[in-house]
Amino acid sequence: MDAVGFDLDMTLADTRAGIAAVYDEVALRVGVFIDSAVVVSRLGPPLEWELANWLPAERIPEAVTIYRALYPSIAVPVTTPMPGAAQAVDAVRRAGGRVIVVTGKNPMDAERTVKALGFDVDEVVGSVFGPAKGPALVSFGAAAYVGDHVADVEAAKAGGAFSVGVATGHHQAEELRGHGADVVLADLTEFAEWYGGWRSPTVFV
């Protein structure tokens with residue numbers, strides 16, 4: 001059966017409120033202005049990349065340490081599933097498929113988030129972004145990869161997987177299509193129906 005990979009932030013999980021709250025606290029502790037509303041409007045790239053927009057290079061490690069210490073207690077409890085996320089994972093499971101989450105979020109917080117939201121997945125791989133997700137998808141045997149970012153389209157291509165874009169993050173549907181997504185869904189409430197049709201042998205006739 002077809003294994004499927006999913007991105008996490010803004011694909012399976014709405015992490016905006018939690019991430020904003022953590023960034024606000026980090027800003028207070030390091031004494032630097034960070035516009036958390038701007039941060040959560042462009043989720044996807046690694047933490048260090050975002051912090052580089054607000055801090056000099058020498059202060060980024062300090063901020064990363066603070067952020068990761070705060071994330072489990074501040075962000076995870078207020079993270080919610082994206083619409084249709086649980087049903088999307090269940091659709092793969094009901095078909096006998098396996099599920100992997102491949103995300104730019106660090107592995108420990110990714111695991112905590114997946115567990116808190118109750119997603120039934122086989123594997124979680126963290127701290128990879130864009131084409132760097134490809135090896136994890138290949139190793140898992142993912143036939144498709146689902147994500148909200150144009151970098152997730154690149155990830156799918158790097159992993160030899162069918163690219164499924166969801167227009168629930170920073171990038172609109174036309175951007176995802178323009179970047180090469182094989183199909184674009186408005187959100188994961190459309191996934192189960194799409195997945196059933198995609199798996200059907202009639203699709204390939």
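Here is what the cut-offs are and how they apply
- Residues numbered from 1 in each chain as written.
- Predicted model: local features only at pLDDT ≥ 70, side-chain atom pairs only at ≥ 80, totals over all residues.
- Heavy atoms only, no water.
- Helix = DSSP H or I, 4+ residues; strand = E, 2+ residues; numbered from the N terminus.
- Phe/Tyr/Trp six-rings, centres within 6.5 Å; stacked < 30°, edge-to-face > 60°.
- Buried < 20%, exposed > 50% of the residue type's maximum accessible area, 1.4 Å probe, protein only.
- Lys NZ or Arg CZ within 6 Å of the ring centre and 35° of its normal.

Quick look at the environment of Gly 5
- The topology assignment puts Gly 5 in strand 1 (residues 3-6).
- Put simply, Gly 5 and Gly 169 are 164 residues apart on the chain and 17 Å apart in space, counted from C-alpha to C-alpha.

Notes on the packing of aromatic side chains
- On inspection of all chains with the given rule, the structure shows 12 aromatic pairs.
- Measuring from centroid to centroid gives 5.6 Å for Phe 191 and Trp 194, while their planes differ by 50°, and the two rings are tilted. Here Phe 191 pairs with Trp 194, and both are found in helix 10 (residues 191-199), just three residues apart, close to one helical turn. Judged on exposure class, the residue Phe 191 and its partner Trp 194 are both buried.
- Measuring from centroid to centroid gives 6.4 Å for Trp 194 and Tyr 195, while their planes differ by 45°, and the two rings are tilted. Each of the two residues, Trp 194 as well as Tyr 195, counts as buried.
- An aromatic cluster is built from Phe 6, Phe 162, Phe 191, Trp 194, Tyr 195 and Trp 198, whose rings are joined through pairwise contacts.
- The ring of Phe 140 has Arg 98 sitting right over it, with the charged end atom 4.0 Å from the ring centre.

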